[in-house]
Amino acid sequence: MELDSLYQEVILDHYRKPAHKALQPNPTNQVHHINPACGDEVTLNLHMDGQKIVDVSWDGVGCSISQASTSIMTDLMIGKDVDSAMKVLNEFTELMQSKGSLKGDEEILDDAVALAGVSKFPARIKCALLGWMAFKDAVSQSQSGN
Amino acid sequence: MFTSPLNGAEIRKDFPIFSKTMRGGGRLVYLDSGATSQKPNSVLDGERYFYENHNAAVHRGSHLLAEEANEAYEGARAIVAHFLGANLDEIIFTKSATEGLNLLAYSFGNSASTSRFALNPGDRIVLSEMEHHANLIPWQQLAKRCGAEIVWFPVDPDGRLDLSAMNDIISERTKIVALTHQSNVLGTINPLDQLISRTHEVGAVFVLDACQSAPHFAIDVKSLGPDFLVFSGHKALGPTGIGVLWGRAELLEEMEPFLTGGSMIESVTMTDATWASAPRKFEAGVPNMAGAVGLGIALQYLLNVGMNNVEAHEHALTQYALTKFADLERVRIIGPTDTKMRGSVLSFEIDGVHPHDAGQVLDQHGIAVRTGHHCAWPLMRKLGIVGTTRASFYIYNDEKDVDALIDGILATQKYFKV
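In the nomenclature of an unreviewed UniProt entry, chain B is known as cysteine desulfurase of freshwater metagenome. The UniProt entry for chain B carries the following comment under Catalytic activity (unreviewed entry): "(sulfur carrier)-H + L-cysteine = (sulfur carrier)-SH + L-alanine". Among the UniProt annotations of chain B, the heading Cofactor (unreviewed entry) holds the following wording: "pyridoxal 5'-phosphate".

Below is the structure:
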């Protein structure tokens, strides 16, 4: 069924047991993002050491897609430097905008390829991007010294 | 048991969209009329007929088409007036209910300080926690511009307005009371009699948001007693881009215009202008003529069905749905659980399933519902929830649609293993 391409088991697993969903204290930057269309919210704490992303933790409310996607994102980003994190982020953004034409590179995106099906449901793309955009914002703030 | 004066399946034959095949391969079960209603053929054909036969700019031009366009546009106004029990010159066409409310807020804000509509620091605007953003933000921003205060009626745990402090909330300092007739989230119908009489007791004006009521049951503005009323055409079988503002003639006369420009003037020099009388004063520019014509046809369709039949049908559907919902496990209705002073908007929560996810599974079954905060974010915060899934009924629904919704909810619970 078409629905199964959206709700893959790995997504439901992350939804039920989200990774890094507990805000760690004293972040380098904290951001709060909202999806005004549905009211979903995420608060994200970023810990940097120079250009290295030491930790990403978060809290928030949202649908399975937004929660799972944020969980997957944190797993992917922790330990990376800013440049490679942005490469992953761009790869994921491109996947979300692909309207189902891309499958996603598992080497780069790991579990996030399970979200490829989201790109066929325009109303859900923002759900999948909520945590990622919060992360991008936090990194950008850390780079500009805010 | 389900008995109704209307046959939803028969009515659906007038609405071409119901022949569409949905994502899961099945028929459309449209339960989102609270957001927008579907359109009957007569409305779609009527708009086209206007463009094909009468199209010209109204209120200007001396040719045959201009006369006919005028007649069609003013004919639509007459139908709206009849629909609301209002006088012809009290009906203003807007692009939406939202625009109607903004028109009021900006007009009041433009008033001379001696006007009854002028807001001064310390004056109050009374709202409620169940307002749609459209009946909150224009007032909130007006208050900010004028230094006025926003006060509001809280919503109690049953989803009703808490009126215990009514006389303190609507006080001598109150200038405007703006409330919804029926909540777009909870389905609650508010008890207007006491609210309107208290409003008038303190010399304030009462603005009624009738978006969720005017399409669903008969309203007679004279006996109901508000000072202003707005509703949107597209929720009442009409086209998008057309709405209605009704106001008492003597108040419209005193009001400043909102949008200025062509059509709304009496006389113009390079440095000054005077205004036409209502409704023209509030209809600057060439209006949405085909939209108004379409709305007139839509309201005539509803009048032909009979607003009492519409109300009885939705009441029966709501009763049927509430009974079915009571048998569901781990599903909670957000709003009144009986049909007393309640319309046909049914919000609910499924334990362990976010509304967006519920909406997605229902969509797979061809069921269109609304999910999220329903443009009533303060209400969501008050209720301590992120959002709801909302089913809303109209004349083209029947008990089979309710059965489909119930099956869809069971399928959702099964899918997410909750």
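Student: What should I look at first to understand the overall build of chain A in this one?
Tutor: For chain A, the count of helices and strands is six helices and three strands. The order of helices and strands in chain A, counted from the N terminus, is α-α-β-β-β-α-α-α-α. Seen through its principal axes, chain A has C-alpha atoms that stretch 45 × 30 × 25 Å.

Student: Please clarify how the overall build of chain B should be interpreted in this entry.
Tutor: A count of helices and strands for chain B gives 14 helices and 15 strands. For a compact globule of 418 residues, the expected C-alpha radius of gyration is about 22 Å, and chain B comes in at 22 Å, within 12% of that figure. Dimensions of chain B, computed from C-alpha atoms along their principal axes, come out at roughly 70 × 55 × 35 Å. Looking at chain B as a whole, 51% of its 418 residues qualify as buried. Nonlocal contacts in chain B, meaning residues at least 24 apart in sequence, comprise 72% of its contacts between residues at least 6 apart.

Student: Is there a simple way to explain the pairing of strand β5 (residues 174–180) of chain B in this structure?
Tutor: Remember that side chains alternate between the two faces of the sheet whenever the strand is regular. Residue and element names in this part refer to chain B. When you tally the buried positions in β5, you get seven out of seven residues, the bulk of the element. When strand β3 (residues 124–128) meets β5, the two strands line up parallel, connected through three bridges. When the sheet's bridge partners are listed, V126 is paired in β5 with V177. The sheet contact formed by β5 and strand β6 (residues 205–209) spans five bridges and is parallel. Considered in β6, the bridge of A178 is made with V207. Between β5 and its parallel partner β6, the chain crosses via helix α7 (residues 192–201), and the hand of that crossover is right-handed.

Student: Even after reading the chapter, I still don't get the interface of chain A and chain B, so can you show me in this structure?
Tutor: Accessible area lost on assembly of the parts is the figure often given for the size of an interface. Contacts between the two partners involve 13 residues from chain A and, on the opposite side, 14 residues from chain B. Looking at which element gives the most residues to the side of chain A that touches chain B, the answer is helix α1 (residues 2–6) of chain A, with three residues. For the side of chain A that touches chain B, the class distribution of residues is eight nonpolar, three polar and two charged.

Student: Would you explain the UniProt feature "domain: NIF system FeS cluster assembly NifU N-terminal" (unreviewed entry) in chain A in this entry?
Tutor: The feature "domain: NIF system FeS cluster assembly NifU N-terminal" (unreviewed entry), as given by UniProt, occupies residues 7–127 of chain A in the numbering adopted here. For residues 7–127 of chain A, the helix share is 36%, the strand share is 22%, and the end-to-end C-alpha distance is 13 Å.

Student: Hey, could you run me through the UniProt feature "domain: Aminotransferase class V" (unreviewed entry) in chain B in this one?
Tutor: On the UniProt side, "domain: Aminotransferase class V" (unreviewed entry) is annotated at positions that read residues 29–405 of chain B here. With 38% helix and 17% strand, the stretch residues 29–405 of chain B has end C-alpha atoms that lie 8 Å from each other.

Student: Which parts of the structure should I look at to understand unusual backbone geometry?
Tutor: Where the residue is not glycine, phi is negative for most of them; where a peptide bond is considered, it is trans in most cases. Residues and elements named next belong to chain B. The omega angle of the peptide bond from A278 to P279 is 5°, so this bond is cis rather than trans. With respect to the element layout, P279 can be found in the loop between β10 (273–275) and α10 (289–305). Look at L237: it is not a glycine, yet its phi comes out positive at around 75°.

Student: Explain the environment of D220(B) here, please?
Tutor: Of note, D220(B) is situated in the loop between β6 and α8 (221–224). Residue classification places D220(B) among the exposed positions, given that 11 C-beta atoms sit within 10 Å.

Student: Hey, could you run me through the pairing of strand β12 (residues 345–350) of chain B in this one?
Tutor: Buried residues dominate β12(B), accounting for six of its six residues. Burial along β12(B) is two-sided: the face carrying V345(B), S347(B) and E349(B) and the face carrying L346(B), F348(B) and I350(B) are both buried.

Student: Sorry, what's going on with the packing of helix α12 (residues 355–364) of chain B against helix α14 (residues 399–415) of chain B here?
Tutor: The angle between the axes and the distance between the axes are what describe a pair of packed helices. Residues and elements named next belong to chain B. Two elements in contact, α12 and α14, have axes separated by 9 Å at closest approach and are oriented at 120°. α14 is crossed by α12, and the crossing has right-handed handedness. Along its contact with α12, which presents A358, V361 and L362, the element α14 presents G408, A411, T412 and Y415. Split by residue class, the contact of α12 with α14 holds five nonpolar, two polar and no charged.

Student: I would appreciate a short explanation of the domain arrangement of chain B in the present structure.
Tutor: Residues and elements named next belong to chain B. Domain assignment breaks chain B into domain 1 (8–30 + 307–415) and domain 2 (45–303). Taken over C-alpha atoms, the centre of domain 1 sits 29 Å from the centre of domain 2. Listed per partner, the contact involves 23 residues of domain 1 and 24 residues of domain 2. Within the residue set of the side of domain 1 that touches domain 2, elements represented by two or more residues are α11 (307–326), β12, α13 (377–383) and β15 (388–392).

Student: In this structure, what is going on with the confidence of the model for chain B? I would like to understand it.
Tutor: Caution applies to low-pLDDT parts of the model: their predicted coordinates are not meant to be read in detail. Per-residue pLDDT for chain B has a mean of 97; in total, 100% of the residues score no lower than 70. Here the prediction assigns the complex a pTM of 0.95, and the interface score ipTM is 0.91.

Student: Looking at this structure, how should I read α11(B)?
Tutor: Residues spaced three or four apart along an α-helix point in a common direction, a consequence of the helix completing one turn every 3.6 residues. Residues and elements named next belong to chain B. Between the first and last C-alpha of α11 there are 28 Å, a value that for 20 residues agrees with the 28 Å anticipated at 1.5 Å per step. Along α11, the residues classified as buried are V310, H313, E314, A316, L317, T318, Y320 and A321. Where α11 is buried, its residues touch α10, β12 and α14.

Student: How should α12(B) be read in this particular structure?
Tutor: Burial analysis of α12(B) places ten of its ten residues in the buried class, the great majority of the element. Taken together, the buried positions of α12(B) are occupied by P355(B), H356(B), D357(B), A358(B), G359(B), Q360(B), V361(B), L362(B), D363(B) and Q364(B).

Student: What is the right way to look at the nonpolar core in this model?
Tutor: Within soluble globular proteins, side chains that are nonpolar generally end up buried alongside one another. Counting residues in each nonpolar core, the largest one holds 114 residues, and the members touching the most others are V177(B), V207(B), F231(B), W246(B), M289(B), V293(B) and A298(B). With ten residues, the single largest contributor to this core is α10(B). Two domains each put at least three residues into this core: domain 1 (8–30 + 307–415) and domain 2 (45–303) of chain B. For W246(B), the contacting residues outside a window of four places in its chain are L84(B), A86(B), E90(B), I91(B), V221(B), F228(B) and L229(B). In this structure, L6(A), A112(A), V113(A) and A116(A) belong to the second largest nonpolar core, which totals 39 residues.

Student: Honestly, the sheet that holds strand β4 (residues 149–153) of chain B in this entry has me stumped. Any pointers?
Tutor: Residues and elements named next belong to chain B. The mixed open sheet is built from seven strands, whose spatial order is β2-β8-β7-β6-β5-β3-β4. Of all the strands in the sheet, just β2 (91–94) and β4 have a single pairing partner and so form its edges. Adjacent strand axes in the sheet meet at a mean angle of 20°, parallel and antiparallel pairs treated alike. Set on the sheet, helix α5 (residues 137–146) makes contact with β3, β4 and β5; between it and β4 the angle comes to about 145°.

Parameters at a glance
Residues numbered from 1 in each chain as written. Chains lettered and ligands numbered in written order. Predicted model: local features only at pLDDT ≥ 70, side-chain atom pairs only at ≥ 80, totals over all residues. UniProt positions renumbered as here; feature names shortened; annotations may be inferred. Helix = DSSP H or I, 4+ residues; strand = E, 2+ residues; numbered from the N terminus. Rg over C-alpha atoms; globule rule 2.2 N^0.38 Å. Buried ≥ 20, exposed ≤ 12 C-beta atoms within 10 Å, placed from the backbone. Contact = placed C-beta atoms within 7 Å. Pairing = 2+ DSSP bridges. Right-handed = clockwise from strand over helix to strand, strands pointing away. Nonpolar A, V, L, I, M, F, W, Y, C, P; charged D, E, K, R; others polar. Axes fitted to C-alpha atoms, helices over the stretch in contact; angles between N-to-C directions. Left-handed = near helix turned anticlockwise from the far one by under 90°. Domains from an automatic or database assignment. pLDDT = per-residue confidence, 0-100. Expected span 1.5 Å × (residues − 1). Core = buried A, V, L, I, M, F, W, Y, C linked by C-beta atoms within 7 Å.

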